[in-house]
Amino acid sequence: MKILVCISVVPDTTTHIRFTDKMDALDTSGIQWIINPWDELALTRALEIREQPGSGVTQISVIHVGMKDTEPVIQKTLAVGADSACRINHAPADSLETASQIAEIVRKELFDLVMTGHDSADYNGSAVGEMLAELLGWASFSSISSLSVAGSVITLEREGDIRSETIIAKAPCVVTIQKGIAKDPRIPSLRGIMTARSKPLTVVEPVKCVPLTRFLRFENPAPRSQCRMVDASNVEELVNLLRNEANVL
Amino acid sequence: MDFQLSEEQKMIQQAARDYANRELIQDVLERDANSIYPAKHVKALADLGFMGMMVNPKYDGGGMDTISYVLAMEELSKVDASVAVIVSVNNSLVCYGLEEFGTEDQKEKYLRPLARGEIIGAFLLSEPEAGSDATSQHTLAEDLGDYYLLNGTKNWITNGNSASVYIVMAQTHPELKHKGINSLIVDRNSPGITLGPHEDKMGMRSSDTHSVMFTDVKVPKENRLGPDGFGFKMAMKTLEGGRLGIAAQALGIASGAYERALKYSKERKAFGTEIFNHQSVAFKLAEMYTRIETGRLLCFHAAWLKDKGLPYGTASAMAKYHCAETAMWVTTEAVQIHGGYGYVREYHVERLMREAKLTQIYEGTSEIQKLIISRDIFSK
């Protein structure tokens, strides 16, 4: 089985987000870029599956749509164990562009399983996985919290609000990954870091695709208001505050 | 001159940072309180390749440069200097000495498993009456033909109990003074070796420090490092690298305390504003940052000289002297910025302050570093 893991490169989740003076783009100065945490979980699970005896996983590749400055982050995926990487040399404007570029590669390279994080920690679009499946005409399974492979049969679990679902899927398919699917993301070993350089990182020029989204303006959220503590026994005051200050009753 | 780290160096730095922030932080307070040896962390760091990170890959090491080593030591020490000193001793004092001065047979037998981190080593120089005055070795290695007969006591031995291999400095020809000292590879399980109790230390409490006593311990002749009488020179050459490891450790202790103090100063309010806005605190943080950056540059410079094969003894002495003094000052001020919270264990800075003190003492006191630096100045 050949697995492809889609990787977004996002600001470190502890980053203080700022915008440019015109408020029309993210101010990228001083940002530390990381693998999108959900994508990193997908990669971790792919590596765990390959290590299981008889998994039949022959190749784990990663793919990313982005410019050259994202390569250090892609190198980390090779350092933790991905066999090869592909970077599509384009700064995508929206999820459709990302999905369209990846679909082009998947059609050519015949992967059996495509894994993505269910969300990305930058724009929180939650759309690439499903769009990719649609473009490929494959089945897609979203927010999966457990994934195992036996031959071409893929067993998935999804946690719902009132029950969990177990799904038997056949390759090829697209799976978007939720938390809980893998142990903690791996720390690359020094040997892994040194061998990452010798693994293939292919750069592919993008195909034509017109994005459907354009960012007009960003706005900072309103500052949080002060928290007021009310004594647990003082229900009267609580009701008074909710009614007369918060105006929610 | 290039002040930029390579992508590999950044990845190594991040790997050490991730391990420290994800794993070491979880049990560091408990290990400090109860002097618990960090066996699982040593194993994990070995698996990641940190225990022999500068050893040539042909002996199963990581093949990393010294800058990478400095980066890793700083990151580990920000969270747990006890674990960092175990890494430092194995890399700088044990693996380095074996790789640089060992025979091929010695490297095959000892360096390979040490570089893989399957076993760890210890470096035995200090004695009850030979600390800074390392030439006054009383431990005897009597030459009895096929073997040396080792008798004496070594003090303050990091990894004393956990090591499988000892590098022991001992006197064979007392009449030749320091030129009669030999450096011997000693199997920890050799008959005649006994350990003193675990030292109940002020800081670095989860590294295992012991006295080691040798009573008629037979050491095969082929376990001598270098020619007869080379031991003291070997020890001094090895300590040049050791000092750099401890300089980086002190740097990490300082920057760990600084980062905690900076974060606290942005959260804690006094007189109606975050304490960072009070000049008395802001200036203190500015001075911490400047001293730490100075130390970092001194470490990088010494590491760069070593990687280029240039003399780096004075540079590593300056790095160690400056970083140790900086660590002591920064951690003390970090406790001050935290006020009462800094004095309790939960906030970590008092532990870092206790750990900092040792960096002014071991692998050459600050006074010895100044001696090395001043001798170099006067010789020019």
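Residues numbered from 1 in each chain as written. Chains lettered and ligands numbered in written order. Predicted model: local features only at pLDDT ≥ 70, side-chain atom pairs only at ≥ 80, totals over all residues.

Residue and element names in this part refer to chain B. With domains assigned, chain B is organised as domain 1 (7-116), domain 2 (121-231) and domain 3 (233-379). Contact residues are listed per partner, giving 23 residues for domain 1 and 24 residues for domain 3. Among the secondary structure elements, those contributing two or more residues to the side of domain 1 that touches domain 3 are helix 1 (7-34), helix 3 (66-79) and helix 4 (81-101). (Domains from an automatic or database assignment. Contact = placed C-beta atoms within 7 Å. Helix = DSSP H or I, 4+ residues; strand = E, 2+ residues; numbered from the N terminus.)

Let us now look at the sheet that holds strand 9 (residues 153-159) of chain A. Residues and elements named next belong to chain A. If you trace the three strands from one edge of the open sheet to the other, you get 8-9-10, paired in antiparallel fashion. Every other strand in the sheet has two partners, leaving strand 8 (146-150) and strand 10 (164-170) as the edge strands with one partner each. Each strand axis lies, on average, 15 degrees off the axis of its neighbour in the sheet, ignoring direction. Where strand 9 and strand 10 come together, seven bridges link them in antiparallel fashion. Within strand 10, the residue paired with Glu157 across the bridge is Thr166. (Pairing = 2+ DSSP bridges. Axes fitted to C-alpha atoms, helices over the stretch in contact; angles between N-to-C directions.)

Take the pairing of strand 5 (residues 181-187) of chain B next. Residues and elements named next belong to chain B. Counting buried positions over the seven residues of strand 5 gives six, a clear majority of the element. With seven bridges joining them, strand 4 (residues 165-171) and strand 5 adopt antiparallel strand pairing. Bridged to Ile167 within strand 5 is Ile185. (Buried ≥ 20, exposed ≤ 12 C-beta atoms within 10 Å, placed from the backbone.)

Take the nonpolar core next. Judged by nonpolar contacts, the single largest core of 174 residues is most densely connected at A:Val5, B:Val70, B:Val94, B:Leu124, B:Ala250, B:Ala254 and B:Cys299. Broken down by element, the residue count for this core peaks at 16 residues, all from helix 6 (residues 231-267) of chain B. The contact partners of B:Ala250, leaving out residues within four places of it in the chain, are B:Cys323, B:Ala324, B:Thr326, B:Ala327, B:Ala356 and B:Thr359. (Core = buried A, V, L, I, M, F, W, Y, C linked by C-beta atoms within 7 Å.)

Let's shift gears to the interface of chain B and chain A. Contacts between chain B and chain A engage 17 residues on the former and 12 residues on the latter. Going through the elements one at a time, helix 1 and helix 2 (39-48) of chain B are the ones with two or more residues in the side of chain B that touches chain A. Top element by residues in the side of chain B that touches chain A is helix 1 of chain B. It accounts for nine residues.

Moving on, we come to the pairing of strand 3 (residues 147-158) of chain B. Residue and element names in this part refer to chain B. Looking at chain direction, strand 2 (residues 140-143) and strand 3 are connected through four bridges and run antiparallel. Counted as the bridge partner of Glu142 is Leu149 from strand 3. In textbook terms, the turn of a hairpin is the stretch between consecutive antiparallel strands, and for strand 2 and strand 3 this stretch comprises three residues, one of which, Gly145, has a positive phi near 85 degrees. Both strand 3 and strand 7 (residues 209-220) contribute to a ladder of nine bridges, which runs antiparallel. Opposite Thr153, over in strand 7, you have Met213 as the bridge partner.

Residues and elements named next belong to chain A. One open sheet holds the seven strands; their spatial order is 7-11-6-1-4-5-12, and the pairing between them is parallel. Two strands close off the open sheet at either side, each with one partner strand: strand 7 (139-144) and strand 12 (201-204). Taking each pair of neighbouring strands and ignoring which way they run, the sheet shows an average axis angle of 20 degrees. As defined by bridge partners, strand 6 (residues 113-117) adjoins strand 11 (residues 173-177) across five bridges and the pair is classed as parallel. Looking across to strand 11, one finds that Val114 is bridged to Val174. On the sheet, helix 2 (residues 71-80) packs against strand 4 (59-66), strand 5 (84-89) and strand 12 and is oriented at approximately 160 degrees with respect to strand 5.

Let us now look at helix 2 of chain B. Along an α-helix, residues three or four positions apart point the same way, because every turn accommodates 3.6 residues. Listed as buried for helix 2 of chain B are B:His41, B:Val42, B:Leu45, B:Ala46 and B:Leu48. Across the axial projection of helix 2 of chain B, the buried residues extend over an arc of 160 degrees, all falling on one side. Turned more than 90 degrees away from the buried face of helix 2 of chain B, the exposed residues are B:Ala39 and B:Lys40. Buried residues in helix 2 of chain B make contact with helix 5 (190-196) of chain A together with helix 1, helix 4 and helix 5 (104-116) of chain B. One or two positions beyond helix 2 of chain B, positive phi appears at B:Gly49, with a value near 100 degrees. (Arc of directions from axis to C-beta.)

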